[in-house]
Amino acid sequence: MKIVRADVIVTCPGRNFVTLKIVTDEGLYGIGDATLNGRELAVASYLKDHVCPTLIGRDPGRIEDIWQYLYKGAYWRRGPVTMTAIGAVDMALWDILGKAANLPLYRLLGGASRDSVMVYGHATGRDLPEALERYAEHVEAGYKAIRIQCGIPNMGSVYGVSKRAGAYEPATKGAVDEQSWSTEKYLDFVPKLFEAVRERFGFDTHLLHDVHHRLTPIEAARLGKAVEPYRLFWLEDPTPAENQAAFRLIREHTVTPIAVGEVFNSIWDCKQLIEEQLVDYIRATLTHAGGITHLRRVADLASLYQVRTGCHGASDLSPVCMGAALHFDLWVPNFGVQEYMGYPEAALDVFPHAWRFERGVMHPGEAPGHGVDIDEALAARYPYDPAWLPVARLEDGTLWNW
Ligand code: KDG
Ligand code: MG
């Protein structure tokens, strides 16, 4: 079998997605998600201009060799754009392999390690009553794990709370959204938020929260310690992780479990965090971290240290990533949880899929490959629509981590 075409499809069915389609001389094709929120066209160009021409004529079954070729052969290694492009190629090649073998991807990886995949949903409110209502809806829908984010009293805007009604979507059209941040107000309010959740709903659901890189290590340590009575499933991205050693300080002070890594793109971003057992969950996902071929290396390293997976699954990762990730989750022995926020209706129509959700758990389905397709005619009806991720500033105007 030989690769005869590789096309990049950019579409905006409710939000922007970049998809790579690799076609073989036998008519089989595979697709991969190449969406990097707010930087979509950089990956589209990397693929179109620098990767697709090198794929033509290759055997799509040589997945490992193609991965190594794109990683080592570029000379310029790693980085979100490169690794997202490699991730999309890898995902598409595993899809082709599954279709050629007539097997769902999870069976190629070694078969199911569990019956279904626990996912966490997002309960987000502008204020405490609204956040608790959203939490109640998730409990009602059967979610076993729920992330809570809430507007902070007397703070203009906050991570996780959309300006628009409906699902969380941080990217905005037109001007970049400049949000304001006060660590003091946040640290004062958040323990009260968790207390209110546990008071109303008890301890039957796993409670998660995303700090979105906003705290310094010592502030994060203080928060982790303060919220121990509420027994979080995880506290996510408490501080930026470029300096992996910073997490030692958090670890020295608290037993609140830590999740990190949705912005990671390679094993090198998390090597120290894992080897020193500074985190409990690793959030890297297939699209941004080099596909199945690379993420399973991360998961295998993590398994040696009892670190579990918690793949990033925000809706800016396309339904293609979701499908592939669910196969990965069903197989990976050291699975923790999968994020799932749902998708706009139009996106679900553009990407017909075998995966399904039922009462807090998901299954990738039994279709060969990863089980997600793209309706190209429909995709063409939703042209690319530029959108920007926000930035955050402290109340005195200093640019902060969003
Ligand atoms: O594009 C940015 C989003 O993917 C990110 O804000 C979502 O932090 C996020 C999460 O935990 O899902
Ligand atoms: Mg996050």
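Refer to the preceding data block for the structure.
## Side note on the side chain of H288
Phase 1: Within the element layout of this structure, H288 appears in the loop between β10 (281-282) and α10 (291-304).
Phase 2: Here T35 takes part through its backbone oxygen, which lies 2.8 Å from a polar atom of the side chain of H288.
Phase 3: Not counting residues up to four positions away in its chain, the partners in contact with H288 are T35, L36, M83, T84, E262, F264, N265, H312 and L317.

## Regarding the pairing of strand β15 (residues 391-394)
Regular strands place side chains that alternate from one sheet face to the opposite one.
Phase 1: Across 4 bridges, strand β6 (residues 178-181) lies against β15 in parallel orientation. Considered in β15, the bridge of E178 is made with V391.
Phase 2: Examined bridge by bridge, β15 and strand β16 (residues 399-400) share 2 bridges and lie antiparallel to one another. Bridge pairing in β16 links R393 to L399.

## Quick look at the packing of aromatic side chains
Phase 1: Per the counting criterion, the structure on display carries 15 aromatic pairs.
Phase 2: With 4.9 Å between their ring centres and 45 degrees between their planes, W181 and Y186 make a pair best called tilted. The burial state of W181 is the same as that of Y186; both residues are buried.
Phase 3: With centroids separated by 5.8 Å and ring planes inclined at 50 degrees, the aromatic side chains of F233 and W234 adopt a geometry described as tilted.
Phase 4: Classification of F233 by relative accessible area gives buried; the value is 9%.
Phase 5: Ring-pair connections join several aromatic residues into one group, and the members of that group are F17, Y143, Y340, Y343, F351, W355 and F357.
Phase 6: A cation over an aromatic ring shows up here: R15 above the ring of F17, its NZ or CZ 5.7 Å from the ring centre.
Phase 7: When the ring centre of W181 is taken as reference, the NZ or CZ atom of R214 above it lies at 4.9 Å.

Definitions and limits used
- Residues numbered from 1 in each chain as written.
- Chains lettered and ligands numbered in written order.
- Predicted model: local features only at pLDDT ≥ 70, side-chain atom pairs only at ≥ 80, totals over all residues.
- Heavy atoms only, no water.
- Helix = DSSP H or I, 4+ residues; strand = E, 2+ residues; numbered from the N terminus.
- Polar contact = N/O pair within 3.5 Å; in protein donor to acceptor, adjacent residues only side chain to side chain.
- Contact = heavy atoms within 4.5 Å.
- Pairing = 2+ DSSP bridges.
- Phe/Tyr/Trp six-rings, centres within 6.5 Å; stacked < 30°, edge-to-face > 60°.
- Buried < 20%, exposed > 50% of the residue type's maximum accessible area, 1.4 Å probe, protein only.
- Lys NZ or Arg CZ within 6 Å of the ring centre and 35° of its normal.

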